Amino acid sequence: MKAIINGKIILKNCILENKVIVFDKKIIDICDDVPTNSKIIDAQGNYVSPGLIDIHIHGCNGFDAMDEDENALEVISKGLAKTGVTSFLPTTMTMSPERIYKAFDNITKAKNKSIKGAKVLGAHMEGPFINEKYKGAQDSKYTYSPSFDFIKDYKDIIKIISYSPEVDKDFKFTKKVKKETDIVLSICHSDASYSIGKEAKNLGVTNITHLFNAMTPLNHRNPGVVGLGLMSDMYCELIADKIHINPELFQFIIDNKGKDKLVLITDSMRAGCMPDGEYDLGGQTVYVKNNSARISNGSLAGSVLTLNKAVYNFKESTNLNIYEAINLASLNPAKSIKVDDKKGSLEIGKDADIAIFNKDMNCLATIVQGDIVYNKIN
């Protein structure tokens, strides 16, 4: 049993001080006194936060979820732990079916493996069912029409499918996924009109991938996918690196979207936590300079953002307090993929996924299901 003392404990609706958080694999208690024989972790006045959850990340530390190297996800996992991320969805790209299936196989192995880092919760499949018009850094050579047969053998490992509903003829794929699986469907790389997006929503599509990026914009005659996201109760991912979206919009987004359905993500590629230079994403060369990752035509190619930095950026550009900003990267993503019964907030009985941050959201320690996987404090 372990106990964290001298911390500002971030709950989903307040901050507790002068309390002790006691845990083993799960959170046992939040109380006044340290239980006998507990291993003490002194937070030294810093924030004790629920672990962050990145539901959309391709890679970091020089590795990518599409790499055929079976060790890639372990390297990514350990890198994420240094940023306070305790669980994540490795995200695939629009590539050949063989490469996507190999990635799913590696993700399955990593999910079932004991890694001293962030926990793999499953896969986020971005593409290949996308509209070429808004392909961004995805490779149009490998785009396909939505097909349930394409994913049926991996439906247990896939948590999210990001796709373009307008290329799904008669919404056959959408209907079959919602009928036969628990997979979350998310609109991405899409030329969908507001009306098509709304029809998809009515059929059970609950999420929108990286809001504003690679989709029909907000227009006064056609509100588009952006309008759908802002005007509905759908979960909306957001890349808060201040490059994908002007930070002047952050307050507008929270004022219109609200605090409960916005999900901060990184969309980080292998250059995350690495120096500037040339990297690869989905078989295309990416040029990273000044925190921006782009392919040769200038299109943004994911990011080099870390999730703790996303929380800091969003908080600094809005009127949110710290626990509200943390929710955007912990409780909200947990709810969006239906794991909030176990993760996403510091509550008795939930997994002991905990991060300690200083006032600038730099990570000082990370605990995954009770195990200390990163520690700069003691």
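Per chain, residues are indexed from 1 in the order of the written sequence. Given that the model is predicted, a residue must reach a pLDDT of at least 70 before its local features are reported, and side-chain atom pairs must reach 80 or more before they are shown or counted; all residues, however, enter totals for whole chains, interfaces and linings. For the side-chain quantities, the full set of heavy atoms in the structure was used; hydrogens and water were omitted.

Visitor: Summarise the pattern of salt bridges; cite the residues concerned and give the values.
Guide: By convention in these notes, a salt bridge is any Lys or Arg side-chain nitrogen within 4 Å of a carboxyl oxygen on Asp or Glu. Counted according to the given criterion, the structure contains 21 salt bridges. Among the salt bridges present, the one from glutamate 347 reaches lysine 350, with a minimum N-O distance of 3.2 Å. Under the scheme applied here, a residue whose accessible area is under 20% of the maximum for its type counts as buried, over 50% as exposed, and between as partly exposed, the area being computed with a 1.4 Å probe on protein chains only. The exposure class of lysine 350 is buried, given its relative accessible area of 7%. Sharing partners across several salt bridges, the network here consists of Lys26, Lys343, Asp351 and Asp353.

Visitor: Outline the nonpolar core, listing residues and values.
Guide: Taken as a class, soluble globular proteins show a tendency for nonpolar side chains to be buried jointly. Counting 99 residues, the largest nonpolar core has Ile151, Leu264 and Phe314 as its most contacted members. Secondary structure follows DSSP: runs of H or I at least 4 residues long count as helices, runs of E at least 2 residues long count as strands, and numbering of each begins at the N terminus. Looking at this core, the element that brings in the most residues is helix H2 (residues 97-111), giving 5 residues. Residues grouped as a nonpolar core are buried Ala, Val, Leu, Ile, Met, Phe, Trp, Tyr and Cys residues, joined through side-chain atoms within 4.5 Å. In terms of nonpolar packing, the next biggest core, distinct from the first, is built from 18 residues, Phe23, Ile27, Leu364 and Ile367 among them.

Visitor: Which residues make up the sheet that holds strand E21 (residues 292-294), and what values go with them?
Guide: Being paired, for any two strands, means DSSP has found at least two bridges between them. The strand order across the open sheet built from 3 strands is E19-E20-E21, with neighbouring strands paired in antiparallel fashion. For this open sheet the edge positions go to strand E19 (277-281) and E21, each flanked by a neighbour on one side alone. Mean inter-strand twist for the sheet, computed between neighbouring axes without regard to direction, equals 30°. Summarising the sheet, strand E20 (residues 284-289) and E21 pair through 3 bridges and their orientation is antiparallel. Pairing of lysine 289 across the sheet is with serine 292, part of E21. For helices, the fitted line uses only the C-alpha atoms of the stretch in contact; every axis is such a line through C-alpha atoms, and the angle between N-to-C directions lies from 0 to 180 degrees.

Visitor: Describe the environment of alanine 271, and please don't skip the residues or the numbers.
Guide: Examined against the element boundaries, alanine 271 turns out to sit in the loop between strand E18 (262-265) and E19. Linking alanine 271 and glycine 59, residues 212 residues apart in sequence, is a C-alpha distance of 7.6 Å. Residues are treated as being in contact if the distance between any of their heavy atoms lies within 4.5 Å. With residues near it in sequence (within four places) discarded, alanine 271 still touches Tyr279, Val288 and Val304.

Visitor: Can you break down helix H4 (residues 172-180) residue by residue, with the values?
Guide: Where H4 is concerned, the buried positions are Phe173, Thr174 and Val177. Buried residues of H4 fall within an arc of 100° about the axis and therefore sit on the same side. For H4, the exposed residues set more than 90 degrees away from the buried face come down to Lys172 and Lys179. Read the arc as the range of directions from the helix axis to the C-beta atoms.

Visitor: Give a description of unusual backbone geometry that names residues and reports values.
Guide: Here the amide bond leading from glycine 127 into proline 128 is cis, since omega sits at 5°, within 30 degrees of zero. One can find proline 128 in the loop between strand E13 (123-126) and helix H3 (148-151). The backbone of asparagine 291 shows a phi angle near 70°, a positive value even though the residue is not glycine. Secondary-structure assignment places asparagine 291 in the loop between E20 and E21. For asparagine 291, a relative accessible area of 56% puts it in the exposed group.

Visitor: Any chance you could break down the packing of helix H5 (residues 194-202) against helix H6 (residues 224-231) for me, citing the residues and the numbers?
Guide: Packing of H5 against H6 leaves a shortest axis separation of 8 Å and a crossing angle of 45°. Between H5 and H6, the crossing angle belongs to the class labelled oblique. Judged by the twist between their axes, the crossing of H5 over H6 is right-handed. Between H5, through Tyr194, Gly197, Lys198 and Lys201, and H6, the contact on the second element is made entirely by Gly224, Gly227, Leu228 and Met231. Residue composition of the contact of H5 with H6, grouped by class: 3 nonpolar, 3 polar and 2 charged. To sort the angles, those under 35 degrees are grouped as roughly parallel, those over 145 as roughly antiparallel, those from 65 to 115 as roughly perpendicular, and the leftovers as oblique. What makes a crossing left-handed is the near helix being turned counterclockwise from the far one by less than a right angle; a clockwise turn instead makes it right-handed. Side-chain classes are defined by residue name, with Ala, Val, Leu, Ile, Met, Phe, Trp, Tyr, Cys and Pro counting as nonpolar, Asp, Glu, Lys and Arg as charged, and the others, Gly among them, as polar.

Visitor: Can you explain the pairing of strand E23 (residues 363-368)? Please cite residues and give values.
Guide: The element E23 is largely enclosed, with a buried count of 6 among its 6 residues. Bridge count for strand E22 (residues 354-357) against E23 is 4 bridges, and the pairing is antiparallel. Within E23, the position partnered with isoleucine 356 by the bridge is alanine 365. Between E22 and E23, which pair antiparallel and follow one another directly, the connecting turn spans 5 residues, one of which, methionine 361, has a positive phi of 65°. In this sheet, strand E24 (residues 371-375) lies alongside E23 in antiparallel orientation, the contact comprising 4 bridges. Bridge pairing links threonine 366 to tyrosine 374 in E24.

Visitor: With reference to specific residues and values, describe the packing of aromatic side chains.
Guide: We call Phe, Tyr and Trp rings a pair once their centres come within 6.5 Å, taking the six-membered ring for Trp, and we label the pair stacked below 30 degrees between planes, edge-to-face above 60, and tilted otherwise. This model, assessed by the stated rule, comprises 8 aromatic pairs. Taking the centre distance of 5.4 Å and the plane angle of 50° together, the rings of tyrosine 101 and phenylalanine 150 count as tilted. Of this pair, tyrosine 101 sits in helix H2 while phenylalanine 150 sits in helix H3, and the two are 49 residues apart along the sequence. The class for tyrosine 101 is partly exposed, based on a relative accessible area of 23%. Overall, the relative accessible area of 10% leaves phenylalanine 150 in the buried class. Consider the rings of tyrosine 101 and tyrosine 154, whose centres lie 5.2 Å apart with planes at 15°: the pair is stacked. Of this pair, tyrosine 101 sits in helix H2 while tyrosine 154 sits in the loop between H3 and strand E14 (158-163), placing them 53 residues apart in sequence. A connected cluster of aromatic rings, assembled from ring pairs, spans Tyr101, Phe104, Phe129, Tyr144, Phe150, Tyr154, Tyr163 and Phe173.

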